[in-house]
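Here are the chains, one letter per residue:
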Amino acid sequence: MNDEQALTQENDTTLQSIRGRPVAAPPADIYENDDGFLIVADLPGVRADAVDIRLDHGKLTIHGSWSQPSRETGALAREFHATDFERRFMVPDSIDADGISAELSQGVLQVRLPKSEAVKPRRIEVRAG
Amino acid sequence: MLGWFETDRDLFALDDFRRRVDRLFDTVARQPASQEPAAGRWPRANLWDEGEALALELGVPGVQLDDLEISGHDNTLHIRGLRRVSAPEGYAAHRRERAGLRFARSIALPVKVDFDQTVATLDNGILTVRLAKAPEPKARSIQVRPS
């Protein structure tokens with residue numbers, strides 16, 4: 001696999017905070033097999049309907065919001081806050097954009113990006129002549 | 001001549017030092033990532049006063065309920081757990097930032113609680129432990145009778 005084909009993380013440090021909330025880049029794992037890529041990212045507190053995944057010009061953006069139940073007062077100790085999560089990845093052209101699927105379970109998001117049929121490795125039968 | 005000798009010895013010492021440092025880094029780098037969180041405290045916690053109860057929130061994405069152990073003793077709450085992170089079968093890893101780890105946190109509670117009335121829920125990777133405050137001993141008024 002050459003570098004151009006690999007799913008790479010976009011080096012984008014210009015993320016701006018929206019709605020005055022902090023934006024964090026969630027830790028992510030990237031896996032690949034013959035059928036496609038798999039991105040696994042930690043999005044604690046985020047519900048499935050608060051996740052937005054877009055593919056635009058080869059750029060995959062994962063955005064999630066953690067809407068903490070409104071707590072105005074009573075904080076005795078705070079180590080984390082309601083956060084927007086955002087992460088962008090450059091996706092190779094060989095991805096079948098229509099086949100992308102995502103699943104969220106226990107605060108962990110899994111995005112599956114299948115490779116288009118044309119680039120999947122094929123086994124060629126050799127027949128005895 | 002003596003000067004050269006000295007330099008050689010210094011260089012040898014420097015080389016030896018470099019090897020020692022390399023070895024040290026090797027040892028650190030080879031420690032399994034699963035033992036300790038990579039940086040900072042994990043999981044992070046919020047503690048709230050809800051009036052009748054205290055609510056502790058912990059961000060534990062990917063942790064299953066079965067892998068959590070919550071206990072209370074002496075007004076301190078102990079939470080131990082295991083986060084399992086394994087590469088899905090048949091996949092090669094390009095990038096791994098999510099660490100599997102064992103964790104333990106003890107939180108000293110600022111008010112007396114009744115551990116028998118503790119309710120823990122796990123929702124979207126956030127563990128919430130709700131601890132009912134122990135009833136305050138009632139103030140007793142002592143009557144003073146005129147003699």
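What counts as what
- Think of each chain on its own: its residues are numbered from 1, step by step along the sequence as written.
- Each chain takes a letter, starting from A, and each ligand takes a number, starting from 1, following the order in which they are written.
- Local features are withheld for residues below a pLDDT of 70 in this predicted model, meaning they are given only at 70 or higher, and side-chain atom pairs are given and counted only at 80 or more; totals for whole chains, interfaces and linings count all residues.
- Heavy atoms from the whole structure form the basis of all side-chain values; hydrogens and water molecules are not counted.
- Helix and strand labels come from DSSP, where a helix needs a run of H or I of at least four residues and a strand needs a run of E of at least two; each type is numbered from the N terminus.
- The buried label goes to any residue with under 20% of its type's maximum accessible area, the exposed label to any with over 50%, and the partly exposed label to all in between, with areas taken from a 1.4 Å probe on protein chains only.
- Throughout, a contact is declared for two residues whenever any of their heavy atoms are within 4.5 Å.
- One requirement defines pairing of two strands: DSSP has to find at least two bridges between them.
- Axes, fitted as lines to C-alpha atoms, cover a helix only where it is in contact. Angles between the N-to-C directions of the axes lie from 0 to 180 degrees.
- Cavity: a set of points on a 1 Å grid over the protein atoms alone where a 1.4 Å probe fits but cannot get out. Pocket: an open set with protein on both sides within 12 Å along at least five of seven lines, its lining residues, like those of a cavity, having an atom within 4 Å of a point.
- Grid points are joined across faces, edges and corners, and a volume is the space filled by probe spheres set on the points.
- Gly is put with the polar residues, along with every residue not named as nonpolar or charged; the nonpolar set is Ala, Val, Leu, Ile, Met, Phe, Trp, Tyr, Cys and Pro, and the charged set is Asp, Glu, Lys and Arg.

J.: With reference to specific residues and values, describe the overall build of chain A.
T.: The secondary structure content of chain A amounts to zero helices and ten strands. For chain A, the succession of helices and strands along the chain, N to C, is β-β-β-β-β-β-β-β-β-β. Per-residue burial for chain A yields a buried fraction of 38% across its 129 residues. Relative to all contacts within chain A whose residues are 6 or more apart in sequence, the contacts with residues 24 or more apart total 61%.

J.: Run through the sheet that holds strand β9 (residues 101-105) of chain A, naming residues and quoting values.
T.: The strand order across the open sheet formed by five strands is β9(A)-β10(A)-β4(A)-β3(A)-β5(B), and the pairing between neighbours is antiparallel. Pairing within the sheet leaves two strands with one partner each, and these edge strands are β9 of chain A together with β5 (92-96) of chain B. The sheet shows a mean angle of 15° between the axes of neighbouring strands, taken without regard to direction. Two strands pair when backbone bridges link them, and strand β3 (residues 28-32) of chain A and β5(B) are joined in this way by four bridges, in the antiparallel orientation.

J.: Could you give me a rundown of the layout of surface pockets, with the residues and numbers involved?
T.: Estimates place the volume of the second largest pocket at around 320 Å³. Along the wall of the second largest pocket there are 15 residues; nearest its centre are V108(A), Q110(A), G62(B), R84(B) and R98(B). Of all elements in the fold, only β9 and β10 (108-114) of chain A reach the threshold of two or more residues within the lining of the second largest pocket. Looking at the lining of the second largest pocket residue by residue, the classes come out as five nonpolar, six polar and four charged.

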